[in-house]
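Now for the letters of each chain:
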Amino acid sequence: MSNISTPVRRLDAVEKTAGYTKYIADRDFGDLLYGKFLRSERPRARIVSVKKPAIPDGYYIIDKNDIPGENAIHMLGADWPVFADNEVRFIGQSIALVVGPDRKVLEDLIERFEVEYEDLPAVFSLDESMALKGGALHNDDNCYADYHLLKGDPDRAFAEADQIYEHTYETGPQEHIYMETQGFVGVWEDGKVHLHGSLQCPFYVRHAVTPVLGVKDDGVRVTQAPTGGAFGGKEHYPDIISTALAVAVDKLKKNIAIFYERGEDIVNSVKRHPSRITIKTALDKEGNITAMDFDSILDGGAFESCSCIVLQRTIFHATGVYDIPNTKLRGRALATNHVPFDAFRGFGAPQAIFALETHMDHLAGMAGIDPVAYKERHFMKKGSVTITNGKIHEEVKLPEILARAKEMSGFDRKVKEYSRGGNRGIGLSFFNHGGAFTGNGEKAIINAHVKLRKRTDDVVEIYVSNVEMGQGLMTTFSKIAARTLDIPIEKIEFIQPDTDIVPDSGPTVASRSIVIVGTLVGKASAKLKDQWVDGEEITVWQEYEEPDFVIPWNQETFQGDAYPSYSWGVNVVEVEFDPVTFEVSIIGLWNVYDVGVPIDRMIVEGQIEGGLVQSLGWAYLEKMEFKEGRIQQRTMADYVIPTTLDVPAIENDFVLNPYSEGAFGAKGAGEIVHNGGAPAFVSAVAMASGKHFDTIPLTPERIMEAGK
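Residues numbered from 1 in each chain as written. Predicted model: local features only at pLDDT ≥ 70, side-chain atom pairs only at ≥ 80, totals over all residues. Heavy atoms only, no water.

We now examine the overall build of the protein chain. Of regular secondary structure, the protein chain possesses 18 helices and 26 strands. Compactness check: the protein chain gives a C-alpha radius of gyration of 25 Å against a globular reference of 27 Å for 708 residues, within 12% of the reference. By its C-alpha atoms, the protein chain is 80 × 70 × 50 Å across when sized along the principal axes. Across the 708 residues in the protein chain, those meeting the buried criterion constitute 63%. Residue pairs in contact within the protein chain that sit at least 24 positions apart in sequence constitute 81% of those at least 6 positions apart. Looking at the protein chain, you have 73 positive and 103 negative side-chain charges, and the mean spots of the two groups are 1 Å apart. (Helix = DSSP H or I, 4+ residues; strand = E, 2+ residues; numbered from the N terminus. Rg over C-alpha atoms; globule rule 2.2 N^0.38 Å. Buried < 20%, exposed > 50% of the residue type's maximum accessible area, 1.4 Å probe, protein only. Contact = heavy atoms within 4.5 Å. Lys, Arg positive; Asp, Glu negative; His and termini not counted. Charge placed at Lys NZ, Arg CZ, Asp CG, Glu CD.)

Because an α-helix completes one turn every 3.6 residues, residues spaced three or four positions apart along the sequence face the same direction. Along its 13 residues, helix α14 (residues 473-485) runs 18 Å from first to last C-alpha, staying within 8% of the 18 Å computed at 1.5 Å per residue. Most of α14 is tucked away, with twelve of its 13 residues classed as buried. Where α14 is concerned, the buried positions are Leu473, Met474, Thr475, Thr476, Phe477, Ser478, Lys479, Ile480, Ala481, Ala482, Thr484 and Leu485. Looking one or two residues beyond α14, the residue adopting positive phi is Asp486, at roughly 60°. (Expected span 1.5 Å × (residues − 1).)

Once the domains are mapped, the protein chain shows domain 1 (33-120 + 176-268), domain 2 (275-438 + 557-705) and domain 3 (448-543). Taken over C-alpha atoms, the centre of domain 2 sits 33 Å from the centre of domain 3. Listed by partner, the interface residues are 21 residues for domain 2 and 18 residues for domain 3. Roughly 1400 Å² of surface becomes buried between domain 2 and domain 3 when both sides are summed, with 68% attributable to carbon and sulfur atoms. One salt bridge in this structure joins Asp600 and Lys479, with 3.1 Å as the shortest N-O distance. The tally of links from domain 2 across to domain 3 stands at seven residue pairs in polar contact (both at pLDDT 80 or more). Elements that contribute at least two residues to the side of domain 2 that touches domain 3 include exactly β16 (424-435) and α16 (601-620). Sorting elements by how many residues they give to the side of domain 2 that touches domain 3 places β16 first, with three residues. Grouping the amino acids of the side of domain 2 that touches domain 3 by side-chain chemistry returns eight nonpolar, eight polar and five charged. (Domains from an automatic or database assignment. Buried area = accessible area lost by both parts, 1.4 Å probe. Salt bridge = Lys/Arg side-chain N within 4 Å of Asp/Glu carboxyl O. Polar contact = N/O pair within 3.5 Å; in protein donor to acceptor, adjacent residues only side chain to side chain. Nonpolar A, V, L, I, M, F, W, Y, C, P; charged D, E, K, R; others polar.)

This part covers the sheet that holds β16. Taken together, the four strands give an open sheet; going across it, the order is β16-β21-β22-β25, and neighbouring strands pair in mixed fashion. Both edges of this open sheet fall to β16 and β25 (650-654), since each of them pairs with a single strand only. Direction aside, the axes of adjacent strands within the sheet are offset by 15° on average. As paired strands, β16 and strand β21 (residues 565-577) are joined by twelve bridges and run antiparallel to one another. Bridge pairing in β21 places Ile426 opposite Glu574. Packed onto the sheet, helix α11 (residues 398-409) meets β16, β21, β22 (584-594) and β25 and runs at close to 25° relative to β21. Sheet strands touched by helix α17 (residues 677-689): β16, β21 and β22. Its angle to β16, the strand with the most contacts, is close to 160°. (Pairing = 2+ DSSP bridges. Axes fitted to C-alpha atoms, helices over the stretch in contact; angles between N-to-C directions.)

Let us look at the packing of aromatic side chains. Any pair of aromatic rings gets described here by the distance separating the centres and the angle formed by the planes. Within this structure, the stated rule accounts for 17 aromatic pairs. Centroid distance Trp80 to Phe303: 5.5 Å. Interplanar angle 15°. Geometry classified as stacked. Of this pair, Trp80 sits in the loop between β3 (60-62) and β4 (87-88) while Phe303 is found in the loop between β14 (289-301) and α8 (307-316), placing the two residues 223 residues apart along the sequence. Neither Trp80 nor Phe303 differs from the other in exposure class; each is buried. Arranged with centres 5.4 Å apart and planes meeting at 90°, the rings of Phe316 and Phe558 form a pair that is edge-to-face. Note that Phe316 is positioned in helix α8 and Phe558 in the loop between β20 (538-543) and β21, a separation of 242 residues in sequence. A relative accessible area of 6% means that Phe316 is categorised as buried. (Phe/Tyr/Trp six-rings, centres within 6.5 Å; stacked < 30°, edge-to-face > 60°.)

Reading across the sheet, the four strands line up as β19-β18-β17-β20 and stay open at both edges, with mixed pairing between neighbours. Of all the strands in the sheet, the pair left with one neighbour each is β19 (492-494) and β20. In this sheet, adjacent strand axes meet at a mean angle of 20° when their direction is disregarded. Bridging between strand β18 (residues 460-463) and β19 involves three bridges; their strand directions are parallel. Looking at the pairing, Glu461 lines up with Glu493 of β19. Along the sheet, α14 makes contact with β18 and β19, crossing β19 at roughly 150°. Helix-sheet contacts for helix α15 (residues 513-531) involve β17 (449-454), β18 and β20, and the interaxial angle to β20 is about 140°.

Using the residue numbers shown here, the UniProt feature "domain: Aldehyde oxidase/xanthine dehydrogenase a/b hammerhead" (unreviewed entry) corresponds to residues 18-121. When the span residues 18-121 is considered, its composition is 9% helix and 31% strand, and the gap between its end C-alpha atoms is 53 Å. (UniProt positions renumbered as here; feature names shortened; annotations may be inferred.)

The next thing to look at is the packing of α16 against α17. At a minimum axis distance of 8 Å, the contact between α16 and α17 shows a crossing angle of 50°. By the criterion of interaxial angle, the relationship of α16 to α17 is oblique. Relative to α17, the crossing made by α16 is right-handed. Taking contact as the criterion, the partners of Leu612, Ser615, Leu616, Trp618, Ala619 and Tyr620 in α16 are, on α17, Gly677, Ala678 and Phe681. Classifying every residue of the contact of α16 with α17 gives seven nonpolar, two polar and no charged. (Parallel < 35°, antiparallel > 145°, perpendicular 65-115°, else oblique. Left-handed = near helix turned anticlockwise from the far one by under 90°.)

This next bit is on unusual backbone geometry. Most peptide bonds take the trans configuration, and most residues that are not glycine carry a negative phi. Cis rather than trans, the peptide bond between Ile696 and Pro697 has omega equal to 10°. Its location among the elements puts Pro697 in the loop between β26 (695-696) and α18 (700-705). Phi angles above zero are rare outside glycine, and Asp486 is one such case at about 60°.

Sheet topology places strand β8 (residues 163-171) next to strand β13 (residues 275-283); nine bridges connect them, and they run antiparallel. In the sheet register, His167 faces β13, and the bridge partner there is Ile279.

In terms of nonpolar packing, the biggest core is built from 92 residues, with Met292, Phe430, Trp568, Val575 and Phe681 touching the most fellow members. When residues of this core are assigned to their parent elements, the largest contribution, nine residues, is made by α17. Apart from residues lying up to four places away in sequence, Val575 is in contact with Asn423, Arg424, Gly425, Val584, Ser585, Ile586, Ile587, Phe681, Ala684, Val685 and Ala688. (Core = buried A, V, L, I, M, F, W, Y, C linked by side-chain atoms within 4.5 Å.)

Now the structure itself:
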């Protein structure tokens, strides 16, 4: 390898492209029973009675009465029950699991249940949640979280402002549409439950299952099967499936599978949090920003899940790439009777960045200033103070990133050529993303460990709990180890994550895999190199150590360094607008990123292009509506995602900015790629149509109804 960024053939490329890879539904577990959920048909109700059908021999009903431990799924909180206990809080909530050998019979049995409900007033909006419609769903205020941040003296800045501008921005939910739907198989093996699943976080599943079964950590085994995409949708939702499945396997001592069909997955699994963010801005005589006040609200759905942590990333990215001297922020995640909202690529940052970038465009328009020039005035730089009164420790290369993006896209020329409302437009967004768990999570909560084992044949095995799910981690980790050890990548073997075998290096989330765990792999490899003796078995361990420069984090006050490092980016989107149909066609896409040093350029470009297309789908195509708590877009014929026909050739480039604490200088790249597409698209459509926008998805109907 001449350079760590030089692409190599992915280690899983041949098996996957040839169709040899066996995903969870392809694997042979011998005689299998299947499980199907009886689900709530009410958004909020008390369960008066459940009349069960007659069950044929070889079929079983598993419900709350079969749980040997707690009827509570331990994620961040534990308010979501395995099976509904006297009440239901969203359409699709699990009431029971029916198990048997024939899936068609299971569907028939589900139809023959008779559930009597006492309906309660349901909550379908943020305003209804704040009004405590029908009484509180969660605590006494419906707030899963209510956070406050303060930097500088915003009250004084607003009192002295020459002008104040306030506007509200809204984003919709988004479905993950991973290629492989949710799937688990539970096996009774060696006197305990062994769960095999399509998942991101093996130790999260174990953490959820053990209290339900009333066993210690070694009383459950979890193995990740090859996983066909996740995007956050297999971070916590596997806990929901696996806990119910584990109860059934534990009781019946039989092998049982739960495989979702696509429609079942769309309707019942978690989504991206809808948001409503109001930004009030204080301006001086020159139109410069002197203060910002944010009111950021997320719809958390019926149970807490990870809404609190998603909200933290939303509020910590509220000011994006800009150095705002005085800020005040309130962030809330509220309970409703929608399906629970949970992790999705970007994890709350895309909602914040969309609101901020669109707001900055509005401010520039008010001042009669070019939006890009206006934003440049407020760029962060090394040493800037963050919204949590931490510090930017790295060089901020936004000017270089911007210059390259303009050069690639012909941005300045096109801005001059295109008139506002002239049916063609080009938009540009700036954004960043913190790598690693928020605050002191890496040190106080995760404390990641990795293990390398050199066999006597001098093949080196990597033991981590981070999973390959299509993003290329198996290859990038192996490249780091091979390059450090100065051995061929063919001499590296990535061990499939299994909680009985690998150490807990943390979940595959939060843009932490490369910047945190990849760095540990590199350090462990350096240790192994120092100890290397041909033909001898050697094992080395490496645990996480927080960088010395980090400003200590206070979890009570949210003060200090929220993240040790940031990745930075610019997206440029060019569109054509049809003033008759109000449809938009994307005709150009350009991206420039600082992700430190990409470990494999082709793999990172794959992340960039996939994340951008996902962001664009969220921006204008992926409409998901609820009617009385029921999702209306229930199939892929109704829920429209971008295809290759919607996306032109994408051009990408990098500005290198090696991170001192990252393996070979790498920073996170998996989530930042979703942050900028939506605001750049909306900015381009605003130019092409001559209208202003504040809500996505930006459907033709919304464009038609929008004001100038």
